[in-house]
Amino acid sequence: MRRISIIVIVLLLACQLKAQDSYIEGYFYNSSGQKITGFINIRLYWDKINFKLNKDDRPEKINIKDIKAIVLSSKSFGGTDSLTVLTEDNSEKNRYFAKFYFASSVTRFYYKF
């Protein structure tokens with residue numbers, strides 16, 4: 001009986017987490033520089049985004065190799081936020097989303113998102 005209760009709780013939590021996918025209005029630039037506007041879902045340390053052209057559409061997964069930058073606009077954080085795609089050790093296989101932190105006179109500093 002205890003085992004069944006644990007399984008039911010885990011399944012309910014998994015369903016609840018899946019239902020919390022939130023899409024934020026915004027746009028991204030693809031690898032050829034084209035601006036594509038819609039609704040974006042992104043999470044920390046992902047190498048892809050979920051994208052919808054319209055709120056009611058099915059989500060489409062877009063890999064980080066097809067993205068140059070993302071701009072999100074939301075009333076929840078009061079404006080716009082942007083992410084850039086950078087590479088680690090100049091390796092195209094080691095791409096990640098980065099958020100601008102600050103700039104010095106010599107370089108710009110980003111942190112992984």
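See the structure printed just above.
Owing to the predicted nature of the structure, the values given are computational and were not obtained by experimental measurement.

## Notes on the overall build of the chain
Line of reasoning, step 1. When its secondary structure is counted, the chain shows one helix and eight strands.
Line of reasoning, step 2. The buried share among the 113 residues of the chain stands at 23%.
Line of reasoning, step 3. Partitioning the contacts of the chain with sequence separation of at least 6, the portion at a separation of at least 24 is 32%.
Line of reasoning, step 4. When the accessible surface of the chain is summed, it comes to about 8600 Å², and 53% of that surface belongs to carbon and sulfur atoms.

## Describing the packing of aromatic side chains
Line of reasoning, step 1. Following the criterion strictly, the structure yields six aromatic pairs and no others.
Line of reasoning, step 2. Taken together, a centroid distance of 5.1 Å and an interplanar angle of 85 degrees make the contact between F28 and F51 edge-to-face. Here F28 is found in strand β1 (residues 24-30), whereas its partner F51 is found in strand β3 (residues 48-52), with 23 residues between them in sequence.
Line of reasoning, step 3. A relative accessible area of 3% means that F28 is categorised as buried.

## Brief notes about the pattern of salt bridges
Line of reasoning, step 1. Across all of its chains, the model carries three salt bridges by this definition.
Line of reasoning, step 2. Close ionic contact of D81 with K99 constitutes a salt bridge, the shortest N to O distance being 2.9 Å. Of this pair, D81 sits in strand β6 (residues 79-88) while K99 sits in strand β7 (residues 91-103), and the two are 18 residues apart along the sequence.
Line of reasoning, step 3. In this structure D81 comes out as partly exposed when scored by relative accessible area, which is 22%.
Line of reasoning, step 4. Between K112 and E88 there is a salt bridge; the shortest N-O distance is 2.8 Å.

## Structural notes on the environment of V85
Line of reasoning, step 1. Along the chain, the position of V85 falls in strand β6.
Line of reasoning, step 2. Once the C-alpha coordinates of V85 and A69 are considered, the two residues, 16 residues apart in sequence, prove to be 5.8 Å apart.
Line of reasoning, step 3. What V85 contacts, discounting residues up to four positions off in sequence, is I64, I67, K68, R95, Y96 and F97.

## Considerations on the side chain of N41
Line of reasoning, step 1. For N41, the location among the structural elements is in strand β2 (residues 35-41).
Line of reasoning, step 2. By relative accessible area, N41 is classed as buried at 2%.
Line of reasoning, step 3. At 3.1 Å, the side chain of N41 forms a polar contact with the backbone oxygen of S22.

## So, the nonpolar core
Line of reasoning, step 1. Counting 13 residues, the largest nonpolar core has F28, I42, I49, I67, I70 and F97 as its most contacted members.
Line of reasoning, step 2. Secondary-structure elements contributing two or more residues to this core are β3, β5 (67-74) and β6.
Line of reasoning, step 3. Here this core takes three residues from β5, the largest share from any one element.
Line of reasoning, step 4. If we ignore the near neighbours within four places in the chain, the residues touching F28 are Q34, K35, I36, I40, I49, F51, I62, D66, I67, A69 and I70.

So, how was this worked out
- Residues numbered from 1 in each chain as written.
- Predicted model: local features only at pLDDT ≥ 70, side-chain atom pairs only at ≥ 80, totals over all residues.
- Heavy atoms only, no water.
- Helix = DSSP H or I, 4+ residues; strand = E, 2+ residues; numbered from the N terminus.
- Buried < 20%, exposed > 50% of the residue type's maximum accessible area, 1.4 Å probe, protein only.
- Contact = heavy atoms within 4.5 Å.
- Areas by Shrake-Rupley, 256 points an atom, 1.4 Å probe, with all protein chains shown as cover.
- Phe/Tyr/Trp six-rings, centres within 6.5 Å; stacked < 30°, edge-to-face > 60°.
- Salt bridge = Lys/Arg side-chain N within 4 Å of Asp/Glu carboxyl O.
- Polar contact = N/O pair within 3.5 Å; in protein donor to acceptor, adjacent residues only side chain to side chain.
- Core = buried A, V, L, I, M, F, W, Y, C linked by side-chain atoms within 4.5 Å.

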